[in-house]
Amino acid sequence: MERIYHSVIEALIFSSDDVISPAEILRAVKGIDGEDTQITTGEIDEVIDLLNKNYEEQNLSFRILRIANGYLFATTKDYSKYVGYLSSEKSKRRLSQAALETLSIIAYRQPITKPEIEAIRGVNSDYILNTLLEKNLINISGRAESVGRPLLYTTTDEFLKYFGLNKLIDLPKPREIEEIMNDEDFIEQKRKIMMNSLEDSMENEISHDENADQT
Amino acid sequence: MYKIKLDHFEGPLDLLLFFIKRDELNIYDIPISSITKEFLDYVNLMKMLDLEVAGDFILMASTLMHIKVRMLLPREVDEKGEEIDPRAELVKALLEYKRYKEMSDDLAYMESNTRKISFRGNFSADEKIAVPEYEILLKNVTVFDLAKAFKRIIDEVKEEPIHQIKKINVTIDEQIEYILNLIETNVEVHFLSLVEKMKEKIRIIVTFIALLELVKAGRIKIKGSTDFNDFLLMKGDE
């Protein structure tokens, strides 16, 4: 790939009003310079790293982020106070605990129906699902084949953007039940139970042996 | 009036997890009797404070009492002959819920991180109204330029298109009459020739409805024609 494309890629990302995908960048380059232009999405991704390294070396206030399967310019955290002071966008309220809980269930188990969500949370989730739909963090992707054909919910690109994620697999993995079981306080508790039951069975065996001796 | 602040719980599972953590209980060996009591105390407290007790809490209270009763009865046995712990399902639900609750903490952390950065975008807000530069605007402008500009604007103003709506007087009764007359004079009538000369869509539709009425009443009969899109009409049997 020719070096000129570093600037082309930068210009395309800079001028885009939302996340721009590698495919779109490719389309623009090939649309202008011909289909046989030597450039791949992998190379584009490498350029992003180069550009960001440049910005860092020059101590610039922004970077290109990988968000929702594409690229987007964003200010660095160092200036959050100043930027936030003027921007009404940031005064938006944070998500409630209930919203975060519901989102984490949907994100990990999608597509998922309302009854399944409610079974995990143990509470009615009508209101919270509507709020999340309104905020465009989730959407309805279809209907389940199960009885009553309930609606299926999935997370959106807006969800990825909101949490600064590139892909769903970048989500932190929920701890497996086994892992929670291996938690220190649980191990301690488990050890106690094990010991107790071990003692029980040993006592049983002893009394068994005693019985055997007697007969 | 006193104001008492209650810890906010997302639901009954959250409350149970709170008890378990606070009292350092073993989640696999929950003392059902004492935790049921605590749970009910909390629900009663909610009632006392005139808080609306959600049905979910009531449901959990009854589930807990059900488990408590089953704990007193001889244990049921599964296919493998192992004793079933009446608490097993509750434990599973608690662990499952705990898992996502933990993940929501991760999400909250990511949320606060993302809030620290601002994405480029929001272009409509970026748009600034350009300050007109009067000097440039007024350079070399003569009266003729103004007149020319005025004429261009006048020419460009298009006339509002006027749509006239004509009312077409056609009734089903009229069309019935029309069809019957045609069939009286000609033995067989092609449907297409019936509507051929009609220009308005509504007239054709009304004629067709009239036709259906006649067929229904048995006053005319319909026969398929060799032409795929056409059919023949003739007098009915009555």
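On a predicted model such as this, the values are computed, not experimentally measured, just so you know.

Peer 1: I tried to follow the overall build of chain A on my own but got confused; where do I start?
Peer 2: Each helix and strand in chain A was counted, giving 10 helices and five strands. Within chain A, the proportion of its 215 residues that are buried is 34%. Nonlocal contacts in chain A, meaning residues at least 24 apart in sequence, comprise 47% of its contacts between residues at least 6 apart.

Peer 1: Even after reading the chapter, I still don't get the interface of chain A and chain B, so can you show me in this structure?
Peer 2: When the parts of a complex come together, some accessible area is lost, and that lost area is often used as the size of the interface. Across the contact, 50 residues belong to chain A and 38 residues belong to chain B. Summing both sides of the interface, chain A and chain B together bury roughly 4,300 Å²; the carbon and sulfur share of this comes to 60%. Between Arg109(A) and Glu96(B) there is a salt bridge, with its nearest N and O atoms 2.9 Å apart. Across the contact surface, chain A and chain B share 13 residue pairs in polar contact (both at pLDDT 80 or more). Of all the elements, helix α5 (residues 97–109) of chain A adds the most residues to the side of chain A that touches chain B, at 10 residues. Across the side of chain A that touches chain B, the residue classes break down as 27 nonpolar, 11 polar and 12 charged.

Peer 1: What exactly am I supposed to notice about the layout of surface pockets here?
Peer 2: Gaps left between atoms show up when a probe the size of a water molecule is rolled over them. Each pocket or cavity is described by its volume, and for the second largest pocket that value is around 600 Å³. Along the wall of the second largest pocket there are 25 residues; nearest its centre are Ala119(A), Met60(B), Glu89(B), Leu90(B) and Ala93(B). Those elements that provide at least two residues to the lining of the second largest pocket are α6 (114–121) of chain A together with α1 (12–22), α3 (55–72) and α4 (88–115) of chain B. Considering each element in turn, the lining of the second largest pocket owes the most residues, seven residues, to α3(B). Residues of the lining of the second largest pocket, tallied by class, amount to 13 nonpolar, three polar and nine charged.

Peer 1: In this structure, what is going on with the sheet that holds strand β1 (residues 189–190) of chain B? I would like to understand it.
Peer 2: Pairing between sheet strands relies on hydrogen bonds along the backbone, with the strands arranged either parallel or antiparallel. All names here are of chain B. Read across the open sheet, the three strands follow the order β1-β3-β2; overall the sheet is antiparallel. Edge positions in the sheet fall to β1 and β2 (220–224), since each of these pairs with one other strand and no more. Packed onto the sheet, helix α10 (residues 201–217) meets β2 and β3 (231–235) and runs at close to 105° relative to β2.

Peer 1: Is there a simple way to think about a negative patch on the surface in this case?
Peer 2: Residues and elements named next belong to chain B. A surface patch of negative charge is lined by Asp173, Glu174, Glu177 and Glu213. In terms of residues, the negative patch owes the most to one element, helix α8 (residues 172–185), which gives three residues. For glutamate 177, the location among the structural elements is in helix α8. Looking at glutamate 177, the relative accessible area reads 49%, which means it is partly exposed.

Conventions used here
- Residues numbered from 1 in each chain as written.
- Chains lettered and ligands numbered in written order.
- Predicted model: local features only at pLDDT ≥ 70, side-chain atom pairs only at ≥ 80, totals over all residues.
- Heavy atoms only, no water.
- Helix = DSSP H or I, 4+ residues; strand = E, 2+ residues; numbered from the N terminus.
- Buried < 20%, exposed > 50% of the residue type's maximum accessible area, 1.4 Å probe, protein only.
- Contact = heavy atoms within 4.5 Å.
- Buried area = accessible area lost by both parts, 1.4 Å probe.
- Salt bridge = Lys/Arg side-chain N within 4 Å of Asp/Glu carboxyl O.
- Polar contact = N/O pair within 3.5 Å; in protein donor to acceptor, adjacent residues only side chain to side chain.
- Nonpolar A, V, L, I, M, F, W, Y, C, P; charged D, E, K, R; others polar.
- 1 Å grid on protein atoms, 1.4 Å probe; cavity = no way out; pocket = protein on both sides within 12 Å on 5 of 7 lines; lining within 4 Å.
- Points joined across faces, edges and corners; volume = space filled by probe spheres on them.
- Pairing = 2+ DSSP bridges.
- Axes fitted to C-alpha atoms, helices over the stretch in contact; angles between N-to-C directions.
- Patch = residues over 30% accessible without salt bridge, like charges linked within 9 Å, V, L, I, M, F, W, Y side chains within 5 Å.
- Areas by Shrake-Rupley, 256 points an atom, 1.4 Å probe, with all protein chains shown as cover.
- Lys, Arg positive; Asp, Glu negative; His and termini not counted.
- Charge placed at Lys NZ, Arg CZ, Asp CG, Glu CD.

Everything listed is a geometric property; what it means functionally is a separate question.
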